[in-house]
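As a plain string of letters, each chain reads:
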Amino acid sequence: MHTNMVGKTYSATQDGIDGAVVEIEASRQKALPQIHITGLPGDIVKESRERVRGCLVNLGYDVPSSRIIVHLSPAYSRKQGSQLDVAIAVSVLAAEGLVKPDNLPRVGCLGELSLDGRIRKISGAVSLIEALEKCPQVKTLLIPKENAQDAVLIKSQKVKLVSSFGEICEFLAGRSELTTIKADTPVFVSPQSEYSLDDVVGQNLAKRALQIALAGRHHFMLVGPPGVGKSMIAHCAQSLMPPLEWNELVEVCKNYDCHGGRSPADLSRPFRSPHHTISSAGLLGGGSGVVMPGEVTLAHCGILFLDEFPEFRKDAIEGLREPLQSGKVHLHRVGQALNLPARFVLITAMNPCPCGYYWGGPKRCSCT
């Protein structure tokens, strides 16, 4: 019989667009063999016990030998995501006495386990790595090799890359070393855009006004009849913006991680152009259960273009007051309150009247 011990590691979970450190403890009890997870685990985290058990059995570990309690701390916040798999598996091995627990309290782990022992890429890695980088208790951070580019963005000296769970076991046993991050600064390049002001024929006043507005980060409205080039001039704005600075790039990547991710090598300013039928929750952020950033947050450090501006819903337009004044949007839902960044240049386009020809054009105004 092994002596009873507690395996302890660190991982992280999403908290809005930021990461929150999770302390993972595992302890063995005299009961029927099973893995039980406590500490408000989400559905994906609950399923991790099957992934962890299947992976460890396939790697030759006979676990669990008895009942193992895995506790996720702090217990009052809900934990979501498969990135906790590796940390849970390491804690289980430590509780079973198969891994020396001496150095585990200083190790942070991120990664999703496959049944054959491979460690898969995770989503939202930028905010999770940043949270563990700032945690003073974590001295070594193990992440999937496929997330190396995200770690370079954070400039962490703690990160080591892994591709399989076997590599982690060898590292914790002191029999091998892991690949470290080469913190090479990526080369900043001028953003590429399919639109250019050189392609716009005429409209010199509007082009000059756009350049002045972007230079001073002023909001901008284009008014004119259909077909004069309002939308095309607005799309040219992205090509006039400078590349993202390093801290801005980190913020933008964290915002986009909630919507499928954005490559850290993409240095272009965000340009968001939602349709006028968008809801206020889609524009400002919200949702049931997990709060998702809206278009104002995705346009942070970039441009938000609202074409056919008067056609947008009134509550969506009124909701723009707060982000335009403070550069943030405050979202309050049941059991959750978030402050999301929303500092952007607003460009709108509209017709002077419902039919569009009040100021002249090929047709005569037909409005009352």
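Note that the coordinates shown come from a computational prediction; the quantities given were computed from them, not determined experimentally.

Draft legend 1. Local environment of the overall build of the chain. Check the secondary structure of the chain and you find 13 helices and 18 strands. Projected onto its principal axes, the C-alpha positions of the chain cover 90 × 45 × 30 Å. Relative to its full complement of 368 residues, the chain shows a buried share of 48%. For the chain, contacts bridging at least 24 residues in sequence account for 70% of all contacts bridging at least 6.

Draft legend 2. View of the packing of aromatic side chains. Inspection of every chain in the model, using the stated rule, returns 2 aromatic pairs. Ring geometry for Phe-271 and Phe-305: centres 6.2 Å apart, planes at 35 degrees, overall tilted. Of this pair, Phe-271 sits in strand E12 (residues 271–272) while Phe-305 sits in strand E15 (residues 303–306), and the two are 34 residues apart along the sequence. Among the residues examined, Phe-305 registers a relative accessible area of 0% and is labelled buried. Judged by centre distance (6.4 Å) and plane angle (45 degrees), the ring pair of Phe-309 and Phe-312 falls under tilted. The exposure class assigned to Phe-312 is buried, which follows from its relative accessible area of 4%. Here the guanidinium or amino end of Lys-155 rests over the ring plane of Trp-246, the centre of that ring lying 4.2 Å away.

Draft legend 3. Geometry of the pairing of strand E3 (residues 34–38). Residues Ile-35 and Ile-37 of E3 are buried on one face, while the alternating residues Gln-34, His-36 and Thr-38, pointing to the opposite face, are not. Note: E3 against strand E4 (residues 67–73), 5 bridges, orientation parallel. Residue pairing in the sheet places Ile-37 in a bridge with Val-70 of E4. Handedness of the crossover joining E3 and E4 through helix H1 (residues 43–58) is recorded here as left-handed.

Draft legend 4. Representation of the environment of Glu-47. Following the sequence through the fold, Glu-47 ends up in helix H1. Taking the C-alpha atoms as reference points, Glu-47 and Ser-366, separated by 319 residues in sequence, lie 62 Å from one another.

Draft legend 5. Structural detail: the sheet that holds E12. Strand order in the open sheet made by the 4 strands is E11-E18-E15-E12, with parallel pairing throughout. The sheet is open, and its two edges are formed by strand E11 (220–223) and E12, each paired on a single side. In the sheet, E12 pairs with E15 via 2 bridges, with the strands oriented parallel. Directly across from Arg-272, in E15, lies its bridge partner Leu-304. Where helix H6 (residues 204–215) meets the sheet, it contacts E11 and strand E18 (345–350), and its direction lies at approximately 165 degrees from that of E11.

Draft legend 6. Local environment of unusual backbone geometry. Cis geometry marks the peptide bond from Val-63 to Pro-64, where omega comes out at -5 degrees. Relative to the assigned elements, Pro-64 resides in the loop between H1 and E4. Cis geometry marks the peptide bond from Ser-73 to Pro-74; its omega dihedral reads 5 degrees. Here Pro-74 shows up in the loop between E4 and helix H2 (85–95). For Lys-155, which is not a glycine, the phi torsion comes out positive at approximately 60 degrees. Mapped onto the elements, Lys-155 comes out in the loop between helix H4 (148–154) and strand E9 (159–162). Taking the relative accessible area as the measure of exposure, Lys-155 reaches 44% and is therefore partly exposed. Although it is not a glycine, Cys-301 sits at a positive phi angle of roughly 70 degrees.

Draft legend 7. A look at the nonpolar core. In terms of nonpolar packing, the biggest core is built from 37 residues, with Val-70, Ile-88, Phe-165 and Ile-168 touching the most fellow members. Sorting elements by how many residues they give to this core places H2 first, with 9 residues. In contact with Phe-165, not counting residues within four places along its chain, are Cys-55, Leu-56, Leu-59, Val-86, Ala-89, Val-90, Leu-93, Leu-113, Gly-117 and Ile-119. Counting residues in hydrophobic clusters, the runner-up holds 31 residues, among them Leu-244, Leu-249, Leu-267 and Leu-298.

Draft legend 8. Structural view of the packing of helix H3 (residues 125–134) against helix H9 (residues 246–257). Contact pair H3 / H9: the axes reach a minimum separation of 7 Å and the direction vectors enclose 120 degrees. One way to sum up the angle between H3 and H9 is to call them oblique. Touching Ala-125, Val-126, Ser-127 and Glu-130 of H3 are Val-250, Cys-253, Lys-254 and Asp-257, all from H9. Broken down by class, the residue content of the contact of H3 with H9 amounts to 4 nonpolar, 1 polar and 3 charged.

Draft legend 9. Inspection of the packing of H2 against helix H5 (residues 165–172) at higher detail. Their axes nearest at 12 Å, the elements H2 and H5 cross at an angle of 45 degrees. By the criterion of interaxial angle, the relationship of H2 to H5 is oblique. Where H2 crosses over H5, the handedness of that crossing is right-handed. Where H2 abuts H5, its residues Val-86, Ala-89, Val-90 and Leu-93 lie against Phe-165, Ile-168, Cys-169 and Leu-172.

Criteria and cut-off values
Each chain carries its own residue numbering, running from 1 in the written order of its sequence. With the structure being a predicted model, the display of local features is reserved for residues of pLDDT at least 70 and the display and counting of side-chain atom pairs for 80 or more, all residues being used for whole-chain, interface and lining totals. The basis for every side-chain value is the complete set of heavy atoms in the structure, and neither hydrogens nor water enter the calculation. Numbered from the N terminus, helices here are DSSP runs of H or I no shorter than four residues, and strands are runs of E no shorter than two. The rule is simple: take the accessible area with a 1.4 Å probe, protein chains only, and divide by the maximum for that residue type; under 20% is buried, over 50% is exposed, in between is partly exposed. Residue contacts are defined here by distance: any two heavy atoms, one from each residue, within 4.5 Å place the two residues in contact. Each pair of aromatic rings taken from Phe, Tyr and Trp, with Trp reduced to its six-membered ring, is defined by centres within 6.5 Å and is described as stacked if the planes are under 30 degrees apart, edge-to-face if over 60, and tilted in the remaining cases. Charges are assigned to positions over rings by a cutoff of 6 Å between ring centre and Lys NZ or Arg CZ, combined with an angular limit of 35 degrees from the ring normal. Strand pairing is assigned whenever DSSP identifies at least 2 bridges connecting the two strands. Handedness of a crossover is defined as follows: with both strands directed away from the viewer, a clockwise route from the first strand across the helix to the second makes it right-handed. Think of each axis as a best-fit line through the C-alpha atoms, taken over the contacting stretch in the case of a helix, with angles from 0 to 180 degrees between the N-to-C directions. The term nonpolar core refers to a set of buried residues drawn from Ala, Val, Leu, Ile, Met, Phe, Trp, Tyr and Cys, joined through side-chain atoms within 4.5 Å. Angles below 35 degrees are treated as roughly parallel, those above 145 as roughly antiparallel, those between 65 and 115 as roughly perpendicular, and all remaining angles as oblique. In this count, Pro and Cys sit with the nonpolar residues alongside Ala, Val, Leu, Ile, Met, Phe, Trp and Tyr, while Asp, Glu, Lys and Arg are called charged and the others, Gly among them, polar. The handedness criterion is simple: a crossing whose near helix is rotated anticlockwise from the far helix by less than a right angle is left-handed, and one whose near helix is rotated clockwise is right-handed.

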